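Next come the chains, spelled out residue by residue.
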Amino acid sequence: MACPVIRHTLCKSVLIRSGLGDYSLNCYTGCAHACVYCYARFMQRFHPHPEPWGEFVDAKVNAPEALARQLRRARPGSVFVSSACDGWQPLEADLELTRECCRLLLTHGFQVNVLTKSALVLRDLDLFAGRTARVGVTLTTLDEGLRRLWEPGASPVADRLRALREAKRAGLPTAIMFGPLLPFLSDDAESLDALFSRAAELDVDAIWWDGLNPRPRVWESVAALLRREYPELLRRCGNVLYDEGMRAAYLSALRERVLAAAERAGVRERMG
Ligand code: SF4
C-alpha cells in the first residue's frame, strides 16, 4: 500500500448536522484505511485531489479550536464519529485531533458514538470510560485474507475484536456494524453465523448490518479488485448493484440470512 500524501488544512467548522445522529464530526478529509468499497469517495467531488482515494489525508489541524467555537452555541446531542473518514486512522496516533474533539464533546455534555475500523480507539478508552460514549467497530468479514484485500489500511480483524472486548471491559456500551457484507464472499450463512456468534460472545449492545450499495465511484474500485482477484464474481456483483430486480432479490435473501443468523446467535433483539 502506498503511503498517503498528508496535508495540513484549516477548517471553519467540524461539527455538522447529520442523519446518523444529531451531528457528525470528521477531523480528516480522506482515509488511509483505503477500503475498496468506501462510500466516502464522494468527498473527492467537493475536495478534488490528484491522488486516488485512500492515498491522501487532509488533517484539519485546527479542528479542536473550530469545535470549541461551535460548542459555545451548539445544543448537546449525539455525535457520530466519524461519517466520512475513520477518526482513528493512523495519522490520528500523532495528531490526536479526534481525541481532543471527543474530549471537548464529552465535557460539553454530548453523546459520542464511535464507529471505527482501528484498534487505535483503545488509546481513548480512558477518555470514554464513565462518560456518555459508545464504542462501535465495523467488520465486513472475519477472514483476515479478505480484510487485507478489501480494507488494506485498517486494523486486522483480531485487533478490532480486541477493541470491542476492552471497551466492554471498561464498562462502555459497544456496537458492531457488519457492513458492507461482501457479496458472495462474506454474506453466506456460514460467514454470517461466524460474525453473529462473535457479536454474541463479545456481548455487544447494538448490531447493524448493510449490503453493498451502488454509491458514486464505488463500483470502479470494487470492479478493479474483482477483476484481479475474483473475475468470476464480476458480473454477479455488478448485477447485485445495478440490476433493479436482481438487487431487490439479493437484498431480500440477504436480509433473511442475516436475521436467521442473528436469531441462531441469540442476538436478534440487539439489531438496530
Ligand atoms: S475506514 Fe471508512 S472512511 Fe476509511 S476508507 Fe474505510 S470505509 Fe472509507
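Residues numbered from 1 in each chain as written. Predicted model: local features only at pLDDT ≥ 70, side-chain atom pairs only at ≥ 80, totals over all residues. Heavy atoms only, no water.

Caption draft 1: Structural detail: the site of the ligand. Neighbouring the ligand are Cys31, His33, Ala34, Cys35, Cys38, Trp53, Cys85, Asp86 and Lys117. When atoms are counted within 2 Å of each cavity's grid points, the one that captures over half of the ligand is the largest pocket. For the shell around the ligand, the residue count by class is 6 nonpolar, 1 polar and 2 charged. (Near = heavy atom within 4 Å. 1 Å grid on protein atoms, 1.4 Å probe; cavity = no way out; pocket = protein on both sides within 12 Å on 5 of 7 lines; lining within 4 Å. Sits in = over half its atoms within 2 Å of the grid points. Nonpolar A, V, L, I, M, F, W, Y, C, P; charged D, E, K, R; others polar.)

Caption draft 2: A look at the sheet that holds strand β7 (residues 111-116). A sheet is described by the order of its strands in space; here 7 strands give the open sequence β2-β3-β6-β7-β8-β9-β10, paired in mixed fashion. Looking at which strands have only one partner, the edges of the open sheet turn out to be β2 (15-17) and β10 (206-211). Averaged over all adjacent pairs, the angle separating strand axes in this sheet is 25°, with direction ignored. Direction of pairing for strand β6 (residues 78-81) relative to β7: parallel, over a ladder of 4 bridges. Residue pairing across strands places Val81 opposite Val114, the latter belonging to β7. Across the face of the sheet, helix α7 (residues 157-169) comes into contact with β8 (133-139) and β9 (174-181) while running at roughly 160° to β8. Along the sheet, helix α11 (residues 244-265) contacts β9 and β10; its crossing angle with β10, the most-contacted strand, is approximately 155°. (Pairing = 2+ DSSP bridges. Helix = DSSP H or I, 4+ residues; strand = E, 2+ residues; numbered from the N terminus. Axes fitted to C-alpha atoms, helices over the stretch in contact; angles between N-to-C directions. Contact = heavy atoms within 4.5 Å.)

Caption draft 3: The layout of surface pockets, seen in detail. Estimates place the volume of the largest pocket at around 1200 Å³. For the largest pocket, the lining is made up of 46 residues, of which Phe80, Ser82, Ser83, Ala84 and Cys85 are closest to its centre. The set of elements that each furnish at least two residues to the lining of the largest pocket consists of β2, β4 (28-29), β5 (56-60), β7, β8, β9 and β10. The computed volume of the second largest pocket comes to approximately 430 Å³. Lining of the second largest pocket is provided by 19 residues; of these, Ala34, Arg41, Pro52, Trp53 and Ser221 occupy positions nearest its centre. The element contributing the most residues to the lining of the second largest pocket is helix α9 (residues 218-229), with 5 residues. Split by residue class, the lining of the second largest pocket holds 11 nonpolar, 3 polar and 5 charged. (Points joined across faces, edges and corners; volume = space filled by probe spheres on them.)

Caption draft 4: Broad picture of the pairing of β6. Covered by surrounding structure in β6 are Ser78 and Phe80 together with Val79 and Val81, the residues of both alternating faces. Taken together, the 2 bridges between strand β3 (residues 23-25) and β6 define a ladder with parallel strand orientation. Among the inter-strand pairings, Ser24 is bridged to a residue of β6, identified as Phe80. (Buried < 20%, exposed > 50% of the residue type's maximum accessible area, 1.4 Å probe, protein only.)

Caption draft 5: Broad picture of the sheet that holds β4. Taken in spatial order, the 3 strands of this open sheet run β1-β5-β4, and their pairing is mixed. Two strands in the sheet have a free side with no partner beyond their single neighbour: β1 (5-9) and β4.

In short, the description is geometric, and any link to function would need to be established separately.
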